[in-house]
Structure formats: C-alpha cells, structure tokens
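# Residue-level structure breakdown
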Amino acid sequence: MTVTVETGVWQLDPAASTVGLRHKTMWGLVTVKGTFTAVSGQGEVRPDGSAAGTVTLDAASLDTKSAKRDTHLRSADFFDAGNHPEITFAVRGADSLDGEGVRVTGQLTVRGISRPVTFTARLTGASADALTLEAEFDVDREQFGMGWNQLGMMRGLTTVTAGLRFTRTKA
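Notes on the structure follow.

Each value, and the rule that gives it
Residues numbered from 1 in each chain as written. Predicted model: local features only at pLDDT ≥ 70, side-chain atom pairs only at ≥ 80, totals over all residues. Heavy atoms only, no water. Helix = DSSP H or I, 4+ residues; strand = E, 2+ residues; numbered from the N terminus. Contact = heavy atoms within 4.5 Å. Areas by Shrake-Rupley, 256 points an atom, 1.4 Å probe, with all protein chains shown as cover. Pairing = 2+ DSSP bridges. Buried < 20%, exposed > 50% of the residue type's maximum accessible area, 1.4 Å probe, protein only. Lys, Arg positive; Asp, Glu negative; His and termini not counted. Salt bridge = Lys/Arg side-chain N within 4 Å of Asp/Glu carboxyl O. Polar contact = N/O pair within 3.5 Å; in protein donor to acceptor, adjacent residues only side chain to side chain. Core = buried A, V, L, I, M, F, W, Y, C linked by side-chain atoms within 4.5 Å. Phe/Tyr/Trp six-rings, centres within 6.5 Å; stacked < 30°, edge-to-face > 60°.

### Focus on the overall build of the protein
Broken down by element type, the protein carries one helix and eleven strands. Each helix and strand of the protein, placed in order from N terminus to C terminus, yields the pattern β-β-β-β-β-β-α-β-β-β-β-β. For the protein, contacts bridging at least 24 residues in sequence account for 56% of all contacts bridging at least 6. With an accessible surface of roughly 9300 Å², the protein has 52% of that area assigned to carbon and sulfur atoms.

And the structure:
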C-alpha cells in the first residue's frame, strides 16, 4: 500500500509531536531517556512529489526528569544551549518506499555542527489535512562536539525517536 501525501505546506503540530533521545550510560547499565518539550517545524510537499522542511528543537527544553542532569546536558559539555539554543534537522528529500516507509535525507545541526543524516521513517497516518511520521535513528554525539565521557561511562550511539504530526495549511 502506497500512501499519497497531498501537496502543499504542512505545519508541525507541537502538541501532537514528540522528539526524544536515549543513551546508555554508567558503562551500559543505565539508559537515560529524555524528551524535548519545545519542538517546531514545517515542510512542503511539492507537486513533483519532492519534499523539504525543517524541524527545530529548543536545546534547553530537554527533560530527562533529573534537574541536575538536565543542567549538565545544557552545558558546554553537551548541547551548549547558551551558545547554540537550537537543534535543527533540515529535510533535503523524502522518498516514498514500499508500504509506509519514507527515506528521509537531510542535515542535522547540533552545537553549530552540521552532518548529513539519512533514515527511514514510517508514515503512520495520512489524510488530506494531517499526516504523522514516526522515526528512530542513531547519532554519534562525538560528531557534534559532545565528547564528554567521564571515566568512560558513556559508550555507543544516541538513539533519537520522533513522532511528528503535521497539518496542512490552508492556501
């Protein structure tokens, strides 16, 4: 089943969208989970079927349910939210795959450092006025200048999860 997405401009619905992360720490014994509470974005599906857009996260909005840890994550050791308040993913393309799959390509910018990222998202709902995408992909935090790793406690990749709902704007 291939789902057709209507052309036009789509606005992210922040109340119905979530972006989170999880990372193993304490030598792989503990998984830290967090959610960005401030997310915004928009996209455009063009008549030729191509797509582009941007999702923006407020770096200081990361909530891991630990005030001390959140303060550390906002510091220069990690997100450096004071100097780099936004994390952005600029979508350069979205290609429909078999079924509900969508291959998304773009640029992820964290701490002012941009890297290409490609992942497969699932289109879990689509109508003339709304669409929902779900995605999960891994990021190497060291590629974005986040090498802090006291006593080797943090290993491996950080997993980003997203459930994004967009509504089509009226022309």
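Next comes the rest of the description.
### Points about the pairing of strand β7 (residues 86-96)
One ladder, built from six bridges, connects strand β5 (residues 51-58) with β7; its direction is antiparallel. Among the inter-strand pairings, Asp58 is bridged to a residue of β7, identified as Glu86. Where β7 folds back on strand β8 (residues 101-110), the antiparallel hairpin that results is connected by four residues, among which Gly99 adopts a positive phi of roughly 70°.

### Regarding the side chain of Arg111
You can see Arg111 is positioned in the loop between β8 and β9 (113-126). Here Arg111 sits buried without a salt bridge, and the closest side chain of opposite charge, Asp80, lies 4.7 Å off (N-O distance). At 2.4 Å, the side chain of Arg111 forms a polar contact with the backbone oxygen of Phe78. Other than its neighbours up to four places away in sequence, Arg111 contacts Ala76, Asp77, Phe78, Phe79, Asp80, His84, Phe144, Gly145 and Met146.

### Structural notes on the nonpolar core
Formed by 37 residues in total, the largest nonpolar core has its most connected members in Val19, Phe36, Phe79, Ile87, Leu108, Phe119 and Phe166. Element by element, the count of residues in this core is highest for strand β10 (residues 130-139), at five residues. What Phe79 contacts, discounting residues up to four positions off in sequence, is Leu21, Phe36, Ala59, Leu62, Leu73, Arg74, His84, Ile87, Val110, Arg111 and Met146.

### Observations regarding the environment of Leu108
With respect to the helices and strands, the residue Leu108 is situated in strand β8. In this structure, the C-alpha to C-alpha distance between Leu108 and Phe89, residues 19 residues apart in sequence, is 4.4 Å. Apart from the residues lying within four places of it in its own chain, the contact partners of Leu108 are Ile87, Thr88, Phe89, Ile113, Ser114, Arg115, Val117, Val139 and Phe144.

### Thoughts on the packing of aromatic side chains
For the coordinates displayed, the defined rule picks out three aromatic pairs. Between Phe89 and Phe119, the aromatic rings sit 5.6 Å apart at their centres with planes inclined by 50°, giving tilted as the arrangement. Remark: Phe119 occurs in strand β9 and Phe89 occurs in strand β7; sequence separation between them is 30 residues. Across the pair, exposure class does not vary: Phe89 and Phe119 are buried alike. Seen in terms of ring centroids, Phe119 and Phe137 are 4.4 Å apart; in terms of plane orientation they differ by 10°. Their pairing is stacked.

### Looking at the pattern of salt bridges
Pairs can form between side chains of opposite charge once their charged atoms are near each other. Tallied over the full model, the rule gives three salt bridges. For the salt bridge of Asp63 with Lys65, the shortest nitrogen-to-oxygen distance reads 3.3 Å. Lys65 sits in the exposed class, given a relative accessible area of 74%. In this structure, Glu134 and Arg122 form a salt bridge, with 3.0 Å as the shortest nitrogen-oxygen distance. Here Glu134, found in strand β10, pairs with Arg122, found in strand β9; they are twelve residues apart in sequence, far enough to count as distant. Taking relative accessible area as the criterion, Glu134 reaches 35% and is therefore assigned partly exposed. Overall, the relative accessible area of 43% leaves Arg122 in the partly exposed class.

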